[in-house]
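# Structural overview for review
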Amino acid sequence: MEEILKKSATEQSKALRNKEISAVELAEATFKRIDEVEPKIKAFNSLTKETAMETAKKVDEKIAKGEELPLLAGIPLVLKDNMNLVGSKTTASSKILENFVSPYNATITDKLLNNLVPIVAKANLDEFAMGSSNENSAFNEVHNPWNLSKVPGGSSGGSAASVAACEATLSLGSDTGGSIRLPASFCGIVGMKPTYGRVSRYGLIAFASSLDQIGPFARTVEDAANLLQVISGLDPKDSTSLDVPVEDYSKSLNNDIKGRKIGVIKELMGEGLSDDVRKAIEMAIETYKKQGAEIVEISLPTLKYSIGIYYILATAECSSNLARFDGVRYGHRCADASCLLDMYTKTRAEGFGPEVKRRIMLGTYALSSGYYDAYYKKAQQMRRLVKEDFDKAFTQVDALISPTCPNTAFDIGARTEDPLAMYLTDIATISANLAGIPGISIPAGFDADGMPIGLQILTPQLKEADLFNFSYKFEQEHDYYKQIANV
């Protein structure tokens, strides 16, 4: 039974339709696997067994009646614990929401349940999705399935580690500055951030509203494409949701890429790149050349400013968004306040961890009187220039490639005392969020220590079909996606 858990969602779907396995058996095998490896990985904040088994039974009923199954029906999936599932805890891995139970579903949750996708657990993350290593969780550090002494990447570390450890076939994360692509790279799986507005954010706990986007994790490009198809679409409850048709992304996966142009981002191939990562990206370039693609070097001059721009805009938005966690309406409230202001202060001091406090203070400073124009307004103007750099690049090429991260997964604790070194982990991923374009990280090899390396591919807004096409063509030339961590 454990072998079926190593299969892709496409293969599991086929097994369900052919009645080689039932959805209930698949869900039970998943929970058995979770029991075995979860003590080592610590990927989850809570299990949602009742919901998962209920959904699996509905799938089996449909199969018994000979009815058509929706896409991904019966495939075990994990939600990042900043997405609402009614009746389950949604904590954002923060003490301030430790006992908060969701009173409603996120839009993506409704879409999954309507497609009869069993949701098996809520995944651990950096508190309020703020971090690059998943060490900022108020509950547990998540461990990388390839090496338990290494970080899984953040902030969606639990979502990525669970798929890499076969605790689920699929998962969802949120990406504000690389929080899907970075863990995908560190954990050796596929992780994809859609175009801003492609997927509804209703029911996602907001970190930075102009940057956040929900996206899929999977072990294959095809599975990620199918999961994006399920969760995409216009949502009247989210004013930033785009009114564009949902494509069948799987149809264009194997399109010929001969003659298409791929740009290599010059600024991300320079200093600070580990030798193993450089070799992997050079090998990827050769793979695309063999397939007939034309390789062009592309410069993005404003990319070097992206970390500074991001940490002004993201912290400003987090400072505003997290003001709602004050102990008045929901979440933690301190026990011994002398007045309302004292209650606010003590509640937030007790409820938020150090990284969240750091970012709230940075953001409040950037928005404060006398500094607004110098920081926030200037960062917004620079953000526009970052987008213009991408617009210009995409007049010359169909896609851009780079390393997802200059290095592979580092040791737990290695960067916790140096926030700046931690922030620089996201140097390759942040600019895509600033520009609102889609990006993906796919497995591209291993370093000398056997840790996964990620290849990042970027395309223009709403060109997800091209993104999956370029990813699939690379994936099918290599067997990296078939290699599974031995936990």
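Our subject in this report is the structure included herewith. (Residues numbered from 1 in each chain as written. Predicted model: local features only at pLDDT ≥ 70, side-chain atom pairs only at ≥ 80, totals over all residues. Heavy atoms only, no water.)

With that out of the way, let us pick up the sheet that holds strand E3 (residues 119-123). Read from one edge of the open sheet, eleven strands run E1-E3-E2-E4-E6-E5-E10-E11-E9-E7-E8, paired in mixed fashion. Of all strands in the sheet, those with a lone pairing partner are strand E1 (44-47) and strand E8 (294-298), marking the two edges. Pairwise comparison of adjacent strand axes, ignoring direction, gives a mean angle of 30 degrees for this sheet. Bridge analysis of strand E7 (residues 261-265) against strand E9 (residues 399-403) gives three bridges, and the strand direction is parallel. Paired with valine 264 across the two strands is isoleucine 401, which belongs to E9. Contacting E1 and E3, helix H3 (residues 23-41) crosses the sheet at an angle of about 145 degrees to E1. (Pairing = 2+ DSSP bridges. Helix = DSSP H or I, 4+ residues; strand = E, 2+ residues; numbered from the N terminus. Axes fitted to C-alpha atoms, helices over the stretch in contact; angles between N-to-C directions. Contact = heavy atoms within 4.5 Å.)

Under the definition given, this model contains 17 salt bridges. Note that glutamate 286 and lysine 289 form a salt bridge whose closest N and O atoms lie 3.5 Å from each other. With glutamate 286 and lysine 289 both in helix H9 (residues 275-290) and three residues apart, the pair spans about one turn of that helix. Given a relative accessible area of 41%, glutamate 286 falls into the partly exposed group. (Salt bridge = Lys/Arg side-chain N within 4 Å of Asp/Glu carboxyl O. Buried < 20%, exposed > 50% of the residue type's maximum accessible area, 1.4 Å probe, protein only.)

Quick look at the nonpolar core now. Counting residues in hydrophobic clusters, the biggest one holds 89 residues, and the most contacted among them are Leu112, Ile231, Tyr288, Leu455, Ile457 and Phe468. Ranked by residue count, the leading element in this core is H3, at nine residues. If near-sequence neighbours (up to four positions away) are discounted, tyrosine 288 is found in contact with Ile257, Ile262, Ala293, Ile295, Ile401, Leu455, Ile457, Phe470, Ser471 and Phe474. (Core = buried A, V, L, I, M, F, W, Y, C linked by side-chain atoms within 4.5 Å.)

We now examine the packing of helix H5 (residues 107-114) against helix H8 (residues 221-231). The geometry of H5 relative to H8 is characterised by a closest axis approach of 8 Å and an angle of 110 degrees between their N-to-C directions. By the angle between their directions, the pair H5 and H8 is classed as roughly perpendicular. Between H5 and H8, the contacting residues are Ile108, Lys111 and Leu112 on the first element and Leu227, Val230 and Ile231 on the second. Grouping the constituent residues of the contact of H5 with H8 by class yields five nonpolar, no polar and one charged. (Parallel < 35°, antiparallel > 145°, perpendicular 65-115°, else oblique. Nonpolar A, V, L, I, M, F, W, Y, C, P; charged D, E, K, R; others polar.)

We now examine the packing of aromatic side chains. Following the criterion strictly, the structure yields 18 aromatic pairs and no others. With 5.0 Å between their ring centres and 50 degrees between their planes, phenylalanine 128 and phenylalanine 325 make a pair best called tilted. With phenylalanine 128 in the loop between E3 and helix H6 (157-164) and phenylalanine 325 in the loop between helix H10 (306-321) and helix H11 (340-351), the pair connects residues that are 197 residues apart, well separated along the chain. Taking the relative accessible area as the measure of exposure, phenylalanine 128 reaches 2% and is therefore buried. Accessibility expressed as a relative area gives 6% for phenylalanine 325, which makes it buried. Note on phenylalanine 390 and phenylalanine 394: the rings are 6.2 Å apart at their centroids and 20 degrees apart in plane angle, and the pair reads as stacked. For the pair formed by phenylalanine 390 and phenylalanine 394, the shared burial category is buried. Ring-pair connections join several aromatic residues into one group, and the members of that group are Phe100, Phe128, Phe325, Tyr330 and Phe352. Directly above the aromatic system of phenylalanine 31 lies the positively charged group of lysine 49, at a separation of 5.2 Å from the ring centroid. Geometry around phenylalanine 410 places arginine 415 over its ring, the cationic atom sitting 4.3 Å from the centre. (Phe/Tyr/Trp six-rings, centres within 6.5 Å; stacked < 30°, edge-to-face > 60°. Lys NZ or Arg CZ within 6 Å of the ring centre and 35° of its normal.)

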